[in-house]
Amino acid sequence: MAKLIGGLGTSHIPTIGAVMDNKTMTGPYWERFVEGIKPARAWMKENKPDVCIVVYNDHGSNFGITLQNVIPFGIGMSKEYKPADEGYGRRKVPTCEGNQKLSIHLAQSLLADEFDIVQSYELDVDHGVTVPLSILCGEDLEEWPCQIIPLYVGVIQYPQPTGNRCYNLGKALRKAIDSFPEDLKVAVIGTGGLSHQLQGPRAGLLNQEYDKQWLDGLIKEPEKIKDISGVELIRETGSEGAEAIMWLVMRGAMDEEVKEVYKFMHKPVSNTNYSLVILENKSN
Ligand code: DHB
Ligand code: FE
């Protein structure tokens, strides 16, 4: 049977991808970040998930820059996912290999659990997926070391799904993973956040104190954190801070009691309070 071996959370800042691709991740600005992500790369190498389910938001590159389709939840059903052209060409990182059999099983199980999830058979993945993979898997790779299933959450246009809905989606996702008959090691990666606001009078907002408490709560008391309203999250962590609800999908998939394997926070990385966490189930 498939087994969930870990839950990870990481911000998905596009600048990180650009700087890695241009080989300019050097000097004092990046030193602490480069050191900070090393344990996550080591965890990936040691634990070798066969499939990573990457919970991400598309930033208008797939579902239309004119936002003609606003989708709360979607899942990739494809054999492969190319890096999206976000306006400056595709990143020169590997195409993600999918796992159609698992995608079909997940979609079936989620629909049976009344999550009416959009199924995308053609999907390019933007920085929401490619940057977490670069952070966790490394640079200059011929191929990613695991298969990928993108799980999309619509947070770039209001109204957005609630944290509670995301948490429950995570629970349904876990049920789906646990019932897949093949022996696969699966990791779920929540991406985005934590605090940042990219436009308007509050552009540049960072709230590391709030993020610390939120992340602590996410690990130890997710049942409280899931009920924080979208309005509070935006007020405290900025409009793009709302991306953090995608970490709730990851947390919902994990057991109630988890082991905190690693946590790292650093501000600013671009406009964001960069945050990273690795969780394992205590029962592992
Ligand atoms: C930044 C962060 C994001 O999550 C994003 O989607 C775009 C930009 C940033 O910090 O610059
Ligand atoms: Fe983002």
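The structure we're discussing is the one just above.
Keep in mind that this is a model prediction, so the values were computed, not measured.

Draft legend 1. Up close: the packing of aromatic side chains. Summed over all chains, the structure comprises six aromatic pairs. Ring plane angle 85° and centroid distance 4.9 Å describe the contact between Phe33 and Tyr274, whose orientation is recorded as edge-to-face. Taken together, the positions of Phe33 in helix α2 (residues 28-47) and Tyr274 in strand β10 (residues 272-281) put the pair 241 residues apart, joining distant regions of the chain. With a relative accessible area of 0%, Phe33 lands in the buried category. Where Phe264 meets Tyr274, the ring centres are 6.1 Å apart and the plane angle is 55°; that geometry is what we call tilted.

Draft legend 2. Molecular detail of the side chain of Gln208. Relative to the helices and strands, Gln208 is located in helix α6 (residues 208-220). Using a relative accessible area of 17% as the deciding quantity, one classes Gln208 as buried. A polar contact is formed between the side chain of Gln208 and the side chain of Asn273, at a distance of 3.0 Å. Filtering out sequence-adjacent residues up to four positions away, Gln208 remains in contact with Ser195, Met265, His266, Lys267 and Asn273.

Draft legend 3. A look at the site of ligand 1. For ligand 1, the full set of nearby residues is His12, Ile13, Pro14, His59, His127, His196, Leu198, Glu243, Ser270, Asn271 and Thr272. Between ligand 1 and His59, the relevant distance is 2.7 Å, taken from an oxygen atom to a side-chain nitrogen or oxygen of the residue. In this structure, His196 approaches ligand 1 through a side-chain N or O atom, which is 2.9 Å from an oxygen atom. Burial of ligand 1 by the protein amounts to 92% of the accessible area it has alone, namely 300 Å².

Draft legend 4. Main features of the sheet that holds strand β1 (residues 3-10). Reading across the sheet, the eight strands line up as β6-β3-β7-β2-β8-β1-β10-β9 and stay open at both edges, with mixed pairing between neighbours. Lying at the two open borders of the sheet, with one neighbouring strand each, are β6 (118-120) and β9 (258-269). Pairwise comparison of adjacent strand axes, ignoring direction, gives a mean angle of 20° for this sheet. Pairing between strand β2 (residues 51-56) and strand β7 (residues 147-153): six bridges, direction parallel.

Draft legend 5. Representation of unusual backbone geometry in the model. In this structure, Leu194 follows Gly193 across a cis peptide bond, with omega equal to -15°. Mapped onto the elements, Leu194 comes out in the loop between β8 (185-191) and α6. Residue Pro268 is reached from Lys267 by a cis peptide bond, and omega for that bond is -10°. By the secondary structure assignment, Pro268 is in strand β9. Backbone geometry at Lys48 places phi at a positive 45°, although glycine is not the residue there. With respect to the helices and strands, Lys48 occurs in the loop between α2 and β2. Take Lys48: its relative accessible area is 54%, and that puts it in the exposed class.

Draft legend 6. Looking closely at the nonpolar core. Ranked by size, the top nonpolar core spans 50 residues in total, and within it Ile53, Leu106, Val153, Ile177, Val188 and Trp214 carry the most contacts. Leu106 has contacts with Ile53, Ile75, Ile149, Leu173, Ala176 and Ile177, leaving out every residue within four places of it along the chain. Counting 41 residues, the second-largest nonpolar core is a separate cluster that includes Val125, Ile135, Cys137 and Cys146.

Draft legend 7. Summary view of the coordination of the iron ion (ligand 2). The iron ion (ligand 2) binds to the protein through His12 (NE2), His59 (NE2) and Glu243 (OE); the donor distances cover 2.0 to 2.3 Å. Between consecutive donor residues of the iron ion (ligand 2), the sequence gaps follow H-x46-H-x183-E. In this pair, His12 is assigned in the loop between β1 and α1 (14-21) and His59 in the loop between β2 and β3 (73-76), connecting sequence segments 47 residues apart. Owing to a relative accessible area of 27%, His59 belongs among the partly exposed residues under this scheme.

Draft legend 8. Spotlight on the pairing of β10. Along β10, ten of the ten residues are buried, which leaves the element largely enclosed by surrounding structure. With burial as the criterion, each face of β10 is covered, one bearing Thr272, Tyr274, Leu276, Ile278 and Glu280 and the other bearing Asn273, Ser275, Val277, Leu279 and Asn281. Here nine bridges tie β9 to β10, and the two strands are oriented antiparallel to one another. Within the sheet, the bridge partner assigned to Lys263 lies in β10 and is Val277. Where β9 hands over to β10, the hairpin turn is made up of two residues, of which Ser270 adopts a positive phi near 55°.

Analysis parameters
- Residues numbered from 1 in each chain as written.
- Chains lettered and ligands numbered in written order.
- Predicted model: local features only at pLDDT ≥ 70, side-chain atom pairs only at ≥ 80, totals over all residues.
- Heavy atoms only, no water.
- Phe/Tyr/Trp six-rings, centres within 6.5 Å; stacked < 30°, edge-to-face > 60°.
- Helix = DSSP H or I, 4+ residues; strand = E, 2+ residues; numbered from the N terminus.
- Buried < 20%, exposed > 50% of the residue type's maximum accessible area, 1.4 Å probe, protein only.
- Polar contact = N/O pair within 3.5 Å; in protein donor to acceptor, adjacent residues only side chain to side chain.
- Contact = heavy atoms within 4.5 Å.
- Near = heavy atom within 4 Å.
- Areas by Shrake-Rupley, 256 points an atom, 1.4 Å probe, with all protein chains shown as cover.
- Pairing = 2+ DSSP bridges.
- Axes fitted to C-alpha atoms, helices over the stretch in contact; angles between N-to-C directions.
- Core = buried A, V, L, I, M, F, W, Y, C linked by side-chain atoms within 4.5 Å.
- Donors = N, O, S within 2.8 Å, 3.2 Å for Na, K, Ca; no water.

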